[in-house]
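Here's the letter readout for the chains.
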Amino acid sequence: MLRLVFSLLIAAAFAVPAFAGHRLVTQGNGKLAIVDADGKVEWEMPFNDIHDIHVTTDGHIFAQQQMRKIVEIDPLQKKIVWSYDCANSNGNAGKPIEVHSFQPLADGKMMIAESGIGRIIEIDRDGKLLKEVKLVIDNPHPHRDTRLVRKLENGDYLVCHEGDGKVREYDGETGDIVWEYDVPLFDKQPAGGHGPEAWGNQCFAAVRLKNGNTLISTGNGHGVIEVNHDKEVVWRLQQNELPGITLAWVTTLEVLPGGNYVIGNCHAGPGQPLLVEIEPKTKKVVWTFDQYDRFGNSVPNSQILDVQGDVIR
């Protein structure tokens, strides 16, 4: 009996709770939802697939609609209050286009990465084109030209090129490539699929850290790597390093003010968390979000809503 009690205490000490204190917004199974820190849905509305999402300081939610429009949602009204039709604006009518990433900027401006068109644009609230930067794409395809793109503090654009398996930094004024990184296959052959069985270098997100290094989620490479300016891998999280967790298509990255990483784990299947928070130095899991039954197997993006201070996304 004592042995059983001791075993249960040990198991409890190392168990990772499904809900441990983060309020967040996410999308899956045809709904956009805000989930509170106890894992309860506090708000939701019907909404189809996304690859990017942003919540602004006024609480409004920005997301893609059918990978063609950027829409702003007032959650109190559950209503779209602003939209920009990427497929029919600023010269795009009739052209193949998908939008997998965008970013609200200061003064109501919006940055949009247009896959298929092969460019980054900035527009104002009225949809007026303010800036255009052409992208270098080795294997052009509307669905795979880009995943997440972020404008950096220095004005440059950090771009994940899924189809090329590369991260490129473009000068924000000239459009010149100022840094480029080929995401490695780590001496393995590519394998098809979206789940844990796949293998590749189809990067989804890249974050420029405060130390100047770049944190990259490797998509179907099932992991996260930190790369310095000289393109050396200085930190790596692999598919099966976290106890009881299998990483599949690794998507979003958030660096919380305390330094922890929140990692998106898409297409991982039942019994696996959709989000994992780790302490990077120890790789200790400090929080997981497992709501497969509610949101399904395709949850590529989310945003933590309850943290204070700057969050790098």
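Right above here is the structure, for reference.
Here's what I pulled together on the structure shown here.

Quick notes on the rules
- Residues numbered from 1 in each chain as written.
- Predicted model: local features only at pLDDT ≥ 70, side-chain atom pairs only at ≥ 80, totals over all residues.
- Heavy atoms only, no water.
- Helix = DSSP H or I, 4+ residues; strand = E, 2+ residues; numbered from the N terminus.
- Buried < 20%, exposed > 50% of the residue type's maximum accessible area, 1.4 Å probe, protein only.
- Contact = heavy atoms within 4.5 Å.
- Pairing = 2+ DSSP bridges.
- Axes fitted to C-alpha atoms, helices over the stretch in contact; angles between N-to-C directions.

1. Some remarks on the environment of Val234
Here's step 1: Mapped onto the elements, Val234 comes out in strand S19 (residues 233-237).
Here's step 2: According to the relative accessible area criterion, Val234 is partly exposed, its value standing at 45%.
Here's step 3: In this structure, the C-alpha to C-alpha distance between Val234 and Ile53, residues 181 residues apart in sequence, is 29 Å.
Here's step 4: Once residues lying within four places of it in the same chain are set aside, the contact partners of Val234 are Asn213, Glu226 and Asn228.

2. Brief notes about the pairing of strand S9 (residues 110-115)
Here's step 1: Summarising burial for S9: six of the six residues are buried, a large majority.
Here's step 2: Burial along S9 is two-sided: the face carrying Met110, Ile112 and Glu114 and the face carrying Met111, Ala113 and Ser115 are both buried.
Here's step 3: Counting the residues between successive antiparallel strands, the hairpin from strand S8 (residues 98-104) to S9 contains five residues, one of them, Asp107, with a positive phi of roughly 60°.

3. Remarks on the sheet that holds strand S21 (residues 261-266)
Here's step 1: Pairing is antiparallel across the open sheet formed by four strands, whose spatial order is S20-S21-S22-S23. Whereas interior strands pair on both sides, the edge strands pair on one side only; in this sheet they are strand S20 (249-255) and strand S23 (284-289). Between one strand and the next, the sheet's axes are offset by a mean angle of 25°, whatever the strand orientation.
Here's step 2: Where S21 lies against strand S22 (residues 275-279), four bridges are found, and the strand directions are antiparallel. Within the sheet, the bridge partner assigned to Val262 lies in S22 and is Glu277.

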